[in-house]
Amino acid sequence: MSLKAFAARIFAKRVARKTAKWVANPINTQKQVFKEIVERAAQTKFGRDHEFSEITTHTDFVQRVPIRDYEALKRYVDEVVEGKNDILWPGKPLYFAKTSGTTSGAKYIPITKESITHQVEASRNAILNYIHETGHADFVDGKMIFLQGSPEMQEKNGIQLGRLSGISAHYVPNYLQKNRLPSWETNCIEDWETKVNAIVDETKDENMTVIAGIPSWVQMYFEKLNAASGRKVGDLFQNFQLFIYGGVNYEPYRATFESLIGRKVDSIELFPASEGFFAYQDSQKEKGMLLLLNSGIFYEFVKTDEFFEPDARRITIEAVELHVNYVMIISTNAGLWAYNLGDTVQFISLNPFKIVVSGRIKHFISAFGEHVIAKEVEEAMRDAIAQTDAQVNEFTVAPQIVPPANELPYHEWLIEFEKAPTDMQTFVRILDTTLQKQNSYYFDLIEGNVLQRLKVTPIRKDGFKGYMQSIGKLGGQNKIQRLSNDRKLADGLLAFKA
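Draft legend 1. Representation of the nonpolar core. By size, the foremost hydrophobic cluster in this structure holds 88 residues, and its most contacted members are Phe-52, Phe-301 and Trp-337. Looking at this core element by element, the count peaks at seven residues for helix α6 (residues 113-134). Residue contacts for Phe-301: discarding those within four places in its chain leaves Leu-291, Arg-313, Arg-314, Ile-315, Thr-316, Ile-317, Val-320, Tyr-326, Val-327, Met-328, Val-345 and Phe-347. Val-196, Val-218, Leu-225 and Phe-496 belong to the second-largest nonpolar core, a separate cluster that totals 41 residues.

Draft legend 2. The arrangement of the layout of surface pockets in detail. By volume, the second largest pocket is sized at about 670 Å³. Thr-304, Asp-305, Asn-325, His-371 and Ile-373 are, among the 25 residues lining the second largest pocket, the residues nearest its centre. Listing elements by their share of the lining of the second largest pocket, those giving two or more residues are β14 (339-350), β15 (353-360), α14 (374-387) and α16 (440-447). Among the residues making up the lining of the second largest pocket, the classes are represented as seven nonpolar, 12 polar and six charged.

Draft legend 3. View of the pattern of salt bridges. Evaluation of the coordinates by the stated rule reveals 28 salt bridges. Here Lys-461 ties to Asp-462 by a salt bridge, and the two come within 3.8 Å at their closest N and O atoms. Overall, the relative accessible area of 40% leaves Lys-461 in the partly exposed class. Note on Asp-462: relative accessible area 33%, which makes it partly exposed. Connected through shared salt-bridge partners, Lys-45, Glu-79, Glu-82 and Lys-84 make up one network.

Draft legend 4. Summary view of α16. Within the span of α16, buried status applies to Tyr-442, Leu-445 and Ile-446. Buried residues of α16 fall within an arc of 100° about the axis and therefore sit on the same side. Residues of α16 that are buried make contact with β17 (410-419) and α15 (424-438).

Draft legend 5. Fine view of the sheet that holds strand β1 (residues 95-99). Read across the sheet, four strands follow the order β2-β1-β5-β4 without closing on themselves; strand pairing throughout is mixed. The sheet terminates laterally at β2 (107-111) and β4 (154-156), the two strands that pair on one side only. Going from strand to strand, the sheet's axes swing by 35° on average, the running direction of each strand aside. Sheet analysis places β4 next to strand β5 (residues 159-162), joined by three bridges and oriented antiparallel. Following the sheet pairing, Glu-155 is matched in β5 by Gln-160. Where helix α5 (residues 70-81) meets the sheet, its contacts fall on β1, β2, β4 and β5, and the angle it forms with β2 comes to roughly 65°.

Draft legend 6. Quick look at a negative patch on the surface. On the surface, Asp-305, Glu-306, Glu-309 and Asp-311 cluster together into a negatively charged patch. The topology assignment puts Asp-311 in the loop between β12 (297-303) and β13 (326-332).

Draft legend 7. A look at the environment of Lys-419. Among the structural elements, Lys-419 can be located in strand β17. Separated by 27 residues in the primary sequence, Lys-419 and Val-392 have C-alpha atoms spaced 6.8 Å apart. If we skip the residues at most four places from it in the chain, Lys-419 touches Asp-389, Ala-390 and Gln-391.

Draft legend 8. Highlighting empty space enclosed by the protein. For the structure shown, the criterion picks out three cavities of 30 Å³ or more. Of the voids in this model, the largest cavity is the one considered here, and its volume is about 120 Å³. In terms of lining residues, the largest cavity is bounded by Val-15, Lys-18, Thr-19, Trp-22, Glu-121, Ala-122, Arg-124, Asn-125, Tyr-280, Leu-292, Asn-294 and Ser-295. Of all the secondary structure elements, the ones that give two or more residues to the lining of the largest cavity are α1 (3-23) and α6. Taken together, 15 residues make up the lining of the second largest cavity; nearest its centre are Ser-115, Gln-119, Glu-275, Gly-276 and Asn-333. Looking at the lining of the second largest cavity, the elements with two or more residues in it are β2, α6 and β10 (276-280). Top contributing element to the lining of the second largest cavity by residue count: α6, with four residues.

Draft legend 9. Examining unusual backbone geometry more closely. Residue Leu-181 is joined to Pro-182 through a cis peptide bond whose omega torsion reads 0°. Within the secondary structure, Pro-182 sits in the loop between β6 (180-181) and α9 (184-187). Of the consecutive residues Asn-351 and Pro-352, the connecting peptide bond is found in the cis state with omega at 5°. With respect to the helices, strands and loops of the structure, Pro-352 is situated in the loop between β14 and β15. Positive phi is not limited to glycine here, since Ala-338 has a value of about 45°. Note that Ala-338 resides in the loop between β13 and β14. Phi at Asp-462 takes a positive value of approximately 65°, unusual for a residue other than glycine.

Draft legend 10. Quick peek at the sheet that holds β17. Across the sheet, which stays open at both edges, the three strands sit in the order β16-β17-β18 with mixed pairing between neighbours. Each edge of the open sheet carries a strand with a single partner, namely β16 (391-400) and β18 (455-459). The average angle at which neighbouring strand axes cross in this sheet is 25°, direction not considered. Bridge analysis of β17 against β18 gives five bridges, and the strand direction is parallel.

What counts as what
- Residues numbered from 1 in each chain as written.
- Predicted model: local features only at pLDDT ≥ 70, side-chain atom pairs only at ≥ 80, totals over all residues.
- Heavy atoms only, no water.
- Core = buried A, V, L, I, M, F, W, Y, C linked by side-chain atoms within 4.5 Å.
- Buried < 20%, exposed > 50% of the residue type's maximum accessible area, 1.4 Å probe, protein only.
- Helix = DSSP H or I, 4+ residues; strand = E, 2+ residues; numbered from the N terminus.
- Contact = heavy atoms within 4.5 Å.
- 1 Å grid on protein atoms, 1.4 Å probe; cavity = no way out; pocket = protein on both sides within 12 Å on 5 of 7 lines; lining within 4 Å.
- Points joined across faces, edges and corners; volume = space filled by probe spheres on them.
- Nonpolar A, V, L, I, M, F, W, Y, C, P; charged D, E, K, R; others polar.
- Salt bridge = Lys/Arg side-chain N within 4 Å of Asp/Glu carboxyl O.
- Arc of directions from axis to C-beta.
- Pairing = 2+ DSSP bridges.
- Axes fitted to C-alpha atoms, helices over the stretch in contact; angles between N-to-C directions.
- Patch = residues over 30% accessible without salt bridge, like charges linked within 9 Å, V, L, I, M, F, W, Y side chains within 5 Å.
- Areas by Shrake-Rupley, 256 points an atom, 1.4 Å probe, with all protein chains shown as cover.
- Lys, Arg positive; Asp, Glu negative; His and termini not counted.
- Charge placed at Lys NZ, Arg CZ, Asp CG, Glu CD.

This is the structure we're talking about:
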């Protein structure tokens with residue numbers, strides 16, 4: 001074992017002890033975070049407008065601070081963007097993470113000195129936790145690649161502006177700088193396809209041990225490696241040990257990944273966003289991610305089926321239940337207050353508090369009252385792949401409300417197959433049956449002849465990539481919406497039918 005690997009194991013043990021302390025006291029940990037961030041922000045404009053000095057309990061907070069999304073918080077953010085001090089958090093943020101907006105164009109998410117410290121610490125701790133659990137540390141001697149956006153920054157009224165992954169690139173610790181790929185110059189390439197080709201050239205002859213990124217874009221990298229070398233990724237990188245991912249569920253991609261790699265590798269799921277780093281997978285033996293309760297983020301939860309009700313109840317971790325779909329609301333040391341992130345989660349453990357991401361509050365299908373969410377379609381796809389010989393690169397689901405004459409409406413699954421199933425009827429039956437088992441509303445609609453069984457529309461190879469390229473969202477942090485209640489995405493993909 002190298003000196004670096006030995007030191008990593010010692011550091012991992014120390015971090016594991018520190019983590020265990022707050023994991024053992026989750027309620028008090030969250031109460032302390034709540035107290036600290038409210039007190040720190042009491043004299044900001046937002047704090048004065050919402051009487052933070054009078055807030056001592058969660059009930060006080062609920063009464064004074066309504067749930068907001070970005071659009072509702074925008075008037076405060078705009079003042080921060082103008083360069084004003086003490087608006088959402090004391091002073092000015094260090095960065096704005098620029099993301100795509102929906103109705104107001106670009107979104108500028110503030111990142112403060114306090115919040116970036118926790119972001120970096122969480123990503124580090126996810127890897128150290130893996131080392132502590134498994135004892136595997138040799139990978140620290142190899143090369144690591146993080147497929148991410150450009151680290152080049154702009155400036156807006158004295159505040160640095162960039163994508164989150166690019167901002168994070170500035171915080172790679174010194175002891176890993178020599179291990180990190182690609183080069184700074186390659187990382188700054190904006191065109192995604194050109195960038196991936198350059199990354200392949202830089203990495204194909206290296207000792208790659210850790211690869212990280214959104215699964216769909218890492219898959220593109222693997223495919224180009226296969227084409228350039230004529231070898232499986234696992235043969236090319238014989239010491240490749242760990243895949244780190246976030247942003248989307250890995251399960252629909254797992255079979256294709258293992259085929260491209262040629263063997264299984266360990267993986268760590270992360271739950272980061274521009275607004276904060278919320279959770280990471282803390283066990284190779286169990287599902288779910290450990291909710292980070294000591295990272296400057298106070299969490300509230302609202303049941304998804306109550307969320308749009310005017311009296312929807314906001315609860316803390318003290319009151320959450322297992323396997324209930326919740327909208328996650330955050331208040332942070334970056335100045336986001338009762339902020340609707342848009343993600344929905346389910347708790348799969350309450351000791352410790354562990355979650356799975358179940359979807360987006362805006363991403364669902366309920367054209368007929370079925371309330372289908374991302375987690376359900378992903379589990380249906382996982383079962384269909386496991387029980388057939390199909391391999392799937394990408395997919396999305398949309399309702400077909402106006403079917404051909406004399407047909408019932410249905411859900412259309414647009415799927416890009418790496419390998420189409422030998423028996424498509426069996427594949428469709430498994431998809432549909434698994435979805436019915438998970439969702440009683442969908443089951444009732446099928447049984448009542450309101451809907452017919454779902455239909456699959458094959459998309460040609462690289463069709464999803466072609467679609468994303470056509471709308472200017474190829475690569476980086478962009479990802480395919482797993483399902484939607486309208487046909488905007490589905491109709492766009494029809495141009496790429498197989």
